[in-house]
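# Notes for the structure review
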Amino acid sequence: MKKYDLIIIGAGPAGLTAAVYAARYKLNVLVIGKLPGGLAGEAYEVCNFPSYGKILGFELMKKMMDQVKELGVEIKFEEVLDINNKNGFEIATYKEKYFAKKLILALGSERRRLQLENEREFMGKGVSYCATCDSTFYKDKIVGIVGGSDAAITSALLLAKHAKQVYVIYRKDSFTKAEPIWIEQLEKEKKIKPLFNSVVTKLIGTGKLEEVEINEKEKLKVDGLFVEIGSVPNIELAKKLKLKLEKDYIVVDKEQRTNVVGIFAAGDVTNNSFKQIITACAEGAVAAKTVYEELEGGE
C-alpha cells in the first residue's frame, strides 16, 4: 500500500490548488479524482478568473492540472469506494489502496436532475447536462435549455453557435440569478428565445427525445434538452466519515478543518456560501497550508 502525507480527493479547482500548495510545502501528496477538472472543466467560458479576460473552462482546468503534474504530483482518475479512519486514512479505489496521514475532501458537486420519468432513459439520447461536451451534436437542430442562471445562459450562447433555434425554459418571469452582461448577450442573439414562467413536465419520444411538455399542457418539439438547474454537493463519503453537515454541505472552520481530526474540506462541498472557481481555489490553498502546519507541528 502506497503511503502519503496527504491525499486530496477531487480534481477540480479546490483539489488542484491544494495540490499545488502541498507540493510547494514539499509534502508527499496524491490527488484522486473521478472527473478531470471537476464541473469547472465543463464550463463554456470563464470570464471572472484573474488574468484571463475569458477562457474555456476545460482549458483553465487543463492549465491547473499541468501545473500540478509539473510539480511532481501524481493525479489518479479513479473513484474512491471506501475510506477507513484508523490512525490515518486508508483509501480504497477499484484499482488499489492508499494510506494518508491527512485528507482533504474537495468532492465538488454534481448536476441536478429534473426528476422526470424517462430522464435516465433519454440521457445521451437527447438529454444532456453539459453543453460544452455535447453542443456540436446539435448543428442546425432545435434545442432547449432548462434554467436561468449564468450556467444556463452561457450554455444557450454556446448552443446558438451550432443549433438553429435555442429555447431557454425558465420557471420565473425574468432572469434573476444571471449576471447582467450575460443577459445582455443573450438578448442580442436572434437564435435564442426565452420561455418564461415555464416548467418542463414531461419528456416525450421513442428511443430518443422528440418533444418536451411545458406546464402540463403545450408541447415543444426539440432535438435535445440541456439541464442547467444547479448542482448538489457530493457528500456520500462525508456521511460515511461522520462529518458534520449543514444543509448537505460539509461544515468547516476558517482553516478548512472539519469536525473529524485530520480531515479537511474545500470547494463546492463546504458550507461556505460563495460557490466560484476562485473561492474554491482559495479554500484549497488554505486547507493545504493547515495540513502542512499540523504535520510540521506533529499534530
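Cut-offs applied
- Residues numbered from 1 in each chain as written.
- Predicted model: local features only at pLDDT ≥ 70, side-chain atom pairs only at ≥ 80, totals over all residues.
- Heavy atoms only, no water.
- Helix = DSSP H or I, 4+ residues; strand = E, 2+ residues; numbered from the N terminus.
- Expected span 1.5 Å × (residues − 1).
- Buried < 20%, exposed > 50% of the residue type's maximum accessible area, 1.4 Å probe, protein only.
- Contact = heavy atoms within 4.5 Å.
- Axes fitted to C-alpha atoms, helices over the stretch in contact; angles between N-to-C directions.
- Left-handed = near helix turned anticlockwise from the far one by under 90°.
- Nonpolar A, V, L, I, M, F, W, Y, C, P; charged D, E, K, R; others polar.
- Pairing = 2+ DSSP bridges.
- Salt bridge = Lys/Arg side-chain N within 4 Å of Asp/Glu carboxyl O.
- 1 Å grid on protein atoms, 1.4 Å probe; cavity = no way out; pocket = protein on both sides within 12 Å on 5 of 7 lines; lining within 4 Å.
- Points joined across faces, edges and corners; volume = space filled by probe spheres on them.
- Phe/Tyr/Trp six-rings, centres within 6.5 Å; stacked < 30°, edge-to-face > 60°.
- Polar contact = N/O pair within 3.5 Å; in protein donor to acceptor, adjacent residues only side chain to side chain.

What follows deals with helix H1 (residues 13–24). An ideal rise of 1.5 Å per residue puts 16 Å on 12 residues; H1 measures up with 17 Å between its terminal C-alpha atoms. Looking only at H1, the buried set comprises Pro-13, Ala-14, Gly-15, Leu-16, Thr-17, Ala-18, Ala-19, Val-20, Ala-22 and Ala-23. For H1, the elements touching its buried residues are strand S1 (2–9), strand S2 (29–32), helix H2 (57–70), strand S5 (74–76), strand S8 (97–105) and helix H8 (277–296). Following H1 by one or two positions, Lys-26 adopts a phi angle in the positive range, close to 65°.

Close contact between helix H5 (residues 150–159) and helix H6 (residues 180–188) brings their axes to 10 Å; oriented N to C, the two are set at 35°. The element H5 and its partner H6 pack so that their crossing is left-handed. Between H5, through Asp-150, Ile-153, Thr-154, Ala-156 and Leu-157, and H6, the contact on the second element is made entirely by Trp-182, Ile-183, Gln-185 and Leu-186. Among the residues forming the contact of H5 with H6, the class breakdown is six nonpolar, two polar and one charged.

This brings us to the sheet that holds strand S12 (residues 165–169). Strands sit in the order S10-S17-S11-S12-S13 across an open sheet of five strands; the sheet is parallel. Single-partner strands in this sheet number two, and they are strand S10 (127–128) and strand S13 (192–195). Bridge count between S10 and strand S17 (residues 224–227): two bridges; the pairing is parallel. Looking at the pairing, Ser-128 lines up with Phe-226 of S17.

Here we come to the environment of Cys-281. Among the structural elements, Cys-281 can be located in helix H8. In this structure Cys-281 comes out as buried when scored by relative accessible area, which is 10%. In this structure the C-alpha to C-alpha distance between Cys-281 and Glu-228, which are 53 residues apart in sequence, comes to 23 Å. In this structure, Cys-281 is in contact with Pro-13, Ala-14, Thr-17, Phe-49 and Met-64, ignoring residues within four places of it in sequence.

Further remarks concern the pattern of salt bridges. Taken as a whole, this structure holds 14 salt bridges when the rule is applied. Glu-294 serves as the salt-bridge partner of Lys-102, at 2.8 Å between the closest nitrogen and oxygen. Here Lys-102 is found in strand S8, whereas its partner Glu-294 is found in helix H8, with 192 residues between them in sequence. Across the pair Glu-228 and Arg-111 runs a salt bridge, and its minimum N-O distance is 3.2 Å. Remark: Arg-111 occurs in strand S9 (residues 109–111) and Glu-228 occurs in the loop between S17 and strand S18 (231–233); sequence separation between them is 117 residues. With a relative accessible area of 6%, Glu-228 lands in the buried category. Salt bridges linked by common partners bring Lys-102, Asp-253, Arg-257 and Glu-294 together as one network.

Let us now look at the layout of surface pockets. Of the voids in this model, the second largest pocket is the one considered here, and its volume is about 210 Å³. The wall of the second largest pocket is formed by Gly-124, Lys-125, Gly-126, Val-127, Ser-128, Asp-134, Phe-137, Tyr-138, Lys-141, Lys-208, Leu-209 and Asp-223. The residue inventory of the lining of the second largest pocket, partitioned by class, reads four nonpolar, three polar and five charged.

Taken as a whole, this structure holds five aromatic pairs when the rule is applied. Taken together, a centroid distance of 4.3 Å and an interplanar angle of 5° make the contact between Tyr-25 and Tyr-292 stacked. Residue Tyr-25 is located in the loop between H1 and S2, and its partner Tyr-292 is located in helix H8; the two are separated by 267 residues in the primary sequence. The class of Tyr-292 is partly exposed, set by a relative accessible area of 26%.

With that settled, the discussion passes to the pairing of strand S7 (residues 89–93). A regular strand places its side chains on the two faces of the sheet in alternate fashion. The element S7 is largely enclosed, with a buried count of four among its five residues. Pairing between strand S6 (residues 80–85) and S7: five bridges, direction antiparallel. Considered in S7, the bridge of Val-80 is made with Thr-93. Two successive antiparallel strands, S6 and S7, enclose a turn made up of three residues, where Asn-87 displays a positive phi of approximately 50°. Pairing between S7 and S8: four bridges, direction antiparallel. Directly across from Glu-90, in S8, lies its bridge partner Phe-99. If you look at the hairpin formed by S7 and S8, you'll find three residues sitting between the two strands.

What follows concerns the side chain of Thr-93. Relative to the helices and strands, Thr-93 resides in strand S7. Classification of Thr-93 as buried rests on a relative accessible area of 8%. Looking at Thr-93, its side chain comes within polar contact range of the side chain of Glu-78, at 2.5 Å. Here Lys-95 takes part through its backbone nitrogen, which lies 3.1 Å from a polar atom of the side chain of Thr-93. What Thr-93 contacts, discounting residues up to four positions off in sequence, is Ile-32, Glu-78, Glu-79, Val-80, Leu-81 and Tyr-98.

Scope: geometric values only; no functional claims are made or implied.
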